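Here is how the chains run, residue by residue.
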Amino acid sequence: DVKVTQSSRYLVKRTGEKVFLECVQDMDHENMFWYRQDPGLGLRLIYFSYDVKMKEKGDIPEGYSVSREKKERFSLILESASTNQTSMYLCASRLGPLGANVLTFGAGSRLTVL
Amino acid sequence: AQSVTQLGSHVSVSEGALVLLRCNYSSSVPPYLFWYVQYPNQGLQLLLKYTSAATLVKGINGFEAEFKKSETSFHLTKPSAHMSDAAEYFCAVSLDTGRRALTFGSGTRLQVQP
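Keep in mind that what you see is a predicted model, and the values were worked out from it rather than measured.

Parameters at a glance
- Residues numbered from 1 in each chain as written.
- Chains lettered and ligands numbered in written order.
- Predicted model: local features only at pLDDT ≥ 70, side-chain atom pairs only at ≥ 80, totals over all residues.
- Heavy atoms only, no water.
- 1 Å grid on protein atoms, 1.4 Å probe; cavity = no way out; pocket = protein on both sides within 12 Å on 5 of 7 lines; lining within 4 Å.
- Points joined across faces, edges and corners; volume = space filled by probe spheres on them.
- Helix = DSSP H or I, 4+ residues; strand = E, 2+ residues; numbered from the N terminus.
- Pairing = 2+ DSSP bridges.
- Axes fitted to C-alpha atoms, helices over the stretch in contact; angles between N-to-C directions.
- Disulfide = S-S within 2.5 Å.
- Buried < 20%, exposed > 50% of the residue type's maximum accessible area, 1.4 Å probe, protein only.
- Salt bridge = Lys/Arg side-chain N within 4 Å of Asp/Glu carboxyl O.
- Contact = heavy atoms within 4.5 Å.

Participant: Could you clarify how one ought to interpret the layout of surface pockets in this entry?
Facilitator: Rolling a probe over the atoms, with the probe sized like a water molecule, indicates the empty space that remains. In this structure, the largest pocket encloses a volume near 420 Å³. In this structure, the largest pocket is lined by 24 residues; those nearest its centre are Gln37 and Pro39 of chain A together with Gln38, Glu88 and Arg109 of chain B. When residues of the lining of the largest pocket are traced back to their parent elements, those giving at least two are β5 (31-38), β10 (87-94) and β12 (109-113) of chain A together with β9 (87-94) of chain B. With 3 residues, the top contributor of residues to the lining of the largest pocket is β12 of chain A. There is about 180 Å³ of room inside the second largest pocket. Secondary-structure elements contributing two or more residues to the lining of the second largest pocket are β11 (104-105) of chain A together with β5 (44-50) of chain B. Looking at the lining of the second largest pocket, the element that brings in the most residues is β5 of chain B, giving 3 residues.

Participant: Where do I start with the sheet that holds strand β1 (residues 3-7) of chain B in this structure?
Facilitator: The strands that make up a sheet are held in pairs by hydrogen bonds between backbone atoms, and each pair lies either parallel or antiparallel. Residue and element names in this part refer to chain B. Spatially, β1-β3-β8-β7-β6 is the arrangement adopted by the 5 strands of the open sheet, whose pairing is antiparallel. Each end of this open sheet is capped by a strand with a single partner; those strands are β1 and β6 (56-58). Averaged over neighbouring strand pairs, the angle between their axes works out to 20 degrees when direction is ignored. Pairing analysis gives 5 bridges linking β1 to strand β3 (residues 19-26), with the strands arranged antiparallel. When the sheet's bridge partners are listed, Gln6 is paired in β3 with Cys23.

Participant: I keep staring at the state of the cysteines and nothing clicks. Help me out?
Facilitator: Such a bond, covalent and formed between the sulfur atoms of two cysteines, is termed a disulfide. On inspection of all chains with the given rule, the structure shows 2 disulfides over all chains. One disulfide bridge connects Cys23 of chain A with Cys91 of chain A, the sulfur atoms lying 1.9 Å from each other. Measuring the twist about the S-S bond at about -75 degrees, one finds the Cys23 of chain A-Cys91 of chain A disulfide to be left-handed. You can see Cys23 of chain A sitting in strand β4 (residues 23-25) and its partner Cys91 of chain A sitting in strand β10, a full 68 residues away along the chain. Each disulfide pairs two cysteine sulfurs, and for Cys23 of chain B the partner residue is Cys91 of chain B, the sulfurs being separated by 2.0 Å. Every disulfide takes its handedness from the sign of the S-S torsion; for Cys23 of chain B and Cys91 of chain B that torsion is -65 degrees, giving left-handed. In this pair, Cys23 of chain B is assigned in strand β3 and Cys91 of chain B in strand β9, connecting sequence segments 68 residues apart. Since its relative accessible area comes to 0%, Cys23 of chain B is described here as buried.

Participant: What am I meant to see in the pattern of salt bridges here?
Facilitator: Two side chains with opposite charge may pair up if their charged atoms get near one another. All names here are of chain A. For the structure on display, the rule yields 9 salt bridges over all chains. Glu22 is the partner of Arg73 in a salt bridge, and the nearest nitrogen-oxygen pair spans 3.9 Å. Of this pair, Arg73 sits in strand β9 (residues 73-78) while Glu22 sits in the loop between β3 (19-21) and β4; the two residues are 51 residues apart in sequence, bridging distant segments of the chain. Between Glu69 and Lys53 there is a salt bridge; the shortest N-O distance is 2.5 Å. Of this pair, Glu69 sits in strand β8 (residues 65-70) while Lys53 sits in the loop between β6 (42-51) and β7 (54-57), and the two are 16 residues apart along the sequence. Among the residues examined, Glu69 registers a relative accessible area of 53% and is labelled exposed. Exposure remark for Lys53: the relative accessible area of 56% places this residue in the exposed category. Among the charged side chains, a network of salt bridges with common partners joins Arg36, Asp38 and Arg44.

Participant: Where do I start with the environment of Leu110 of chain B in this structure?
Facilitator: Residue and element names in this part refer to chain B. Mapped onto the elements of the fold, Leu110 is located in strand β11 (residues 108-113). Accessibility expressed as a relative area gives 2% for Leu110, which makes it buried. Counting along the chain gives 25 residues from Leu110 to Asp85, while the straight-line C-alpha distance between them is 7.4 Å. Excluding anything up to four places from it in sequence, Leu110 contacts Val11, Val13, Val19, Leu21, Asp85, Ala86, Ala87 and Tyr89.

Participant: Just to check I follow, could you spell out the pairing of β9 of chain B for this structure?
Facilitator: All names here are of chain B. With 8 of its 8 residues buried, β9 lies for the most part within the structure. Side-chain alternation along β9 places Ala87, Tyr89, Cys91 and Val93 on one buried face and Glu88, Phe90, Ala92 and Ser94 on a second face that is also buried. Looking at chain direction, strand β4 (residues 32-38) and β9 are connected through 7 bridges and run antiparallel. Of the residues in β9, the one forming a bridge with Phe34 is Ala92. When β9 meets β11, the two strands line up antiparallel, connected through 3 bridges. Among the inter-strand pairings, Tyr89 is bridged to a residue of β11, identified as Thr108.

Next up, the structure:
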């Protein structure tokens, strides 16, 4: 089974801090994604990467950046955390770009910004 | 562009009763459709997916969904609810065109009463 591991399950940060959320997948998937989950809003796509060093903005990229230096690792960066970025962050990976391919999710990282 | 609407943010059923979670999609081309489930403090896991092979799709844990093109619907059903079915359920749509992955609905929280 594909495993997607998010290194931090719970984080508490202060406003203005730089935050790194790390995600690693172990099945050589091409595509990786970062979603944000908020009650009543479902999952919203922040950024995705279709290959190493390649990235594209999703629906809500403001305040975030990403890095994909190696195929298995996709990092989400909050340059200066703000309270409105308190949320659950979900990483996912997919074998390739075909629409039928399934997304496999990590367990999530719950971030609280004080 | 594709979109998904889930009717009802909360659904409550009695144990043993029929579960019906509604999902309608909008897509200009034939879509792929998915249902994911999220248990508390976990990531999303795939329940089932529609990829045009058969309109009635069977998934894990006794769930199934029927693709109805004329109604642009992909409702999720289970004949008899179990307490362990209490979770949040997400419908999602994907296309072959473009690199983006799934577009998710806002989710439906299922409560199962004893």
